[in-house]
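One letter stands for each residue in the lines below.
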Amino acid sequence: MGQVIEVKHPLIQHKLTIIRNKDVGTKDFRELVDEIAMLLTFEASHDLPVEDVEVQTPVAKTTQKQLAGKKLAVVPILRAGLGMVDGILQLIPAAKVGHIGMYRDEETLQPVEYFLKLPEDIDKRDVLLVDPMLATGGSAKDAIDTLKKHGAQSIKLITLVSAPEGIKAVQAAHPDVDIYTASIDDGLNEDGYIVPGLGDAGDRLFGTH
Ligand code: PRP
Ligand code: URA
């Protein structure tokens, strides 16, 4: 079974508390989503392979660690996942970026895929699939299906707020995928929104309704 890592770092908790507030505006919301995404990625990248490298400091020659060159891909689920990409690229600037366009039908809550562009060598890359909200889990589950169909073999899902229902759905369909999240919330309301959540992440990021 995939692991669920709720990253309870004080900085993450503090920043998430700020953006839960309904009165926080688009500018602050955007900046903080990026910052939380960066902090979550720090945790999600803890097992990247490293190798020995010799370096001459001003004082001595020494053997130290560097990243072993494992390639990464960041794949946001559009739209809201886009809000996390810049923060992640600050940590791993050489990562390629794929896009999966998906929206939830407001009546059925079923995800509808409308765009797909992935790096050609997605099968050789560790994939960070990113979306601020994991609600029913339908979007993440389908996005992982799509990634696997295109050959992805190593996938981590990074979310800001997750409902237990969504976690269960992803784990049942994709037990090989670990989930890194800033918060496991209480559950879903009758409209499929996460409670307490932070509302509609896409709308709050882009200032739409
Ligand atoms: C939101 C969110 C996820 C999805 C989560 O996107 O960003 O992609 O809903 O819900 P689920 O777990 O029940 O599938 P939305 O469909 O609102 O599209 P948007 O990002 O374009 O606003
Ligand atoms: N999508 C969102 O943006 N927010 C929710 O609470 C659920 C789905």
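These numbers were taken from a predicted model, which means no experiment stands behind them. (Residues numbered from 1 in each chain as written. Chains lettered and ligands numbered in written order. Predicted model: local features only at pLDDT ≥ 70, side-chain atom pairs only at ≥ 80, totals over all residues. Heavy atoms only, no water.)

**A look at the site of ligand 1**
- Around ligand 1, the structure places 16 residues, and the nearest of them are Arg-104, Asp-131, Thr-136, Gly-137 and Ser-139.
- Contact between ligand 1 and Ala-80: an oxygen atom at 3.0 Å from a main-chain N or O atom of the residue.
- Ala-135 places a main-chain nitrogen or oxygen 2.9 Å from an oxygen atom of ligand 1.
- Starting from 500 Å² of accessible surface for ligand 1 in isolation, the protein chains cover 91%.
- Counting residues per element, the ones that place at least two in the shell around ligand 1 are strand 6 (99–104), strand 9 (133–134) and helix 4 (138–149).
- Broken down by element, the residue count for the shell around ligand 1 peaks at three residues, all from strand 6. (Near = heavy atom within 4 Å. Polar contact = N/O pair within 3.5 Å; in protein donor to acceptor, adjacent residues only side chain to side chain. Areas by Shrake-Rupley, 256 points an atom, 1.4 Å probe, with all protein chains shown as cover. Helix = DSSP H or I, 4+ residues; strand = E, 2+ residues; numbered from the N terminus.)

**What to know about the pairing of strand 4 (residues 72–78)**
- In terms of residue burial, strand 4 counts as a mostly covered element, since seven of its seven residues are buried.
- Side chains of strand 4 alternate between two faces, with Leu-72, Val-74, Pro-76 and Leu-78 and Ala-73, Val-75 and Ile-77 buried alike.
- Bridge count for strand 4 against strand 8 (residues 126–130) is five bridges, and the pairing is parallel. From the neighbouring strand, Leu-72 faces strand 8, where its bridge partner is Asp-126.
- In the sheet, strand 4 pairs with strand 5 (residues 96–97) via two bridges, with the strands oriented parallel. Looking at strand 5, one finds that Ala-73 is bridged to Lys-96.
- Crossover strand 4 to strand 5 through helix 3 (residues 82–91) is right-handed.
- Two elements, strand 4 and strand 6, share two bridges in a ladder whose sense is parallel. When the sheet's bridge partners are listed, Ile-77 is paired in strand 6 with Ile-100. (Buried < 20%, exposed > 50% of the residue type's maximum accessible area, 1.4 Å probe, protein only. Pairing = 2+ DSSP bridges. Right-handed = clockwise from strand over helix to strand, strands pointing away.)

**What about the packing of aromatic side chains?**
- According to the stated counting rule, one finds one aromatic pair in the structure shown.
- Seen in terms of ring centroids, Tyr-103 and Tyr-114 are 6.0 Å apart; in terms of plane orientation they differ by 35°. Their pairing is tilted. Of the two residues, Tyr-103 sits in strand 6 while Tyr-114 sits in strand 7 (residues 111–117), which places them eleven residues apart along the sequence.
- Accessibility expressed as a relative area gives 44% for Tyr-114, which makes it partly exposed. (Phe/Tyr/Trp six-rings, centres within 6.5 Å; stacked < 30°, edge-to-face > 60°.)

**Quick look at helix 1 (residues 10–20)**
- For helix 1, the set of buried residues is Ile-12, Lys-15, Leu-16 and Ile-19. What you see down the axis of helix 1 is that its buried residues fit within an arc of 100°, all on one side. In helix 1, the exposed positions angled more than 90 degrees off the buried face are occupied by Pro-10, His-14 and Thr-17.
- Taken together, the buried residues of helix 1 touch helix 2 (26–44), strand 10 (154–162), strand 11 (178–184) and helix 6 (201–206). (Arc of directions from axis to C-beta. Contact = heavy atoms within 4.5 Å.)

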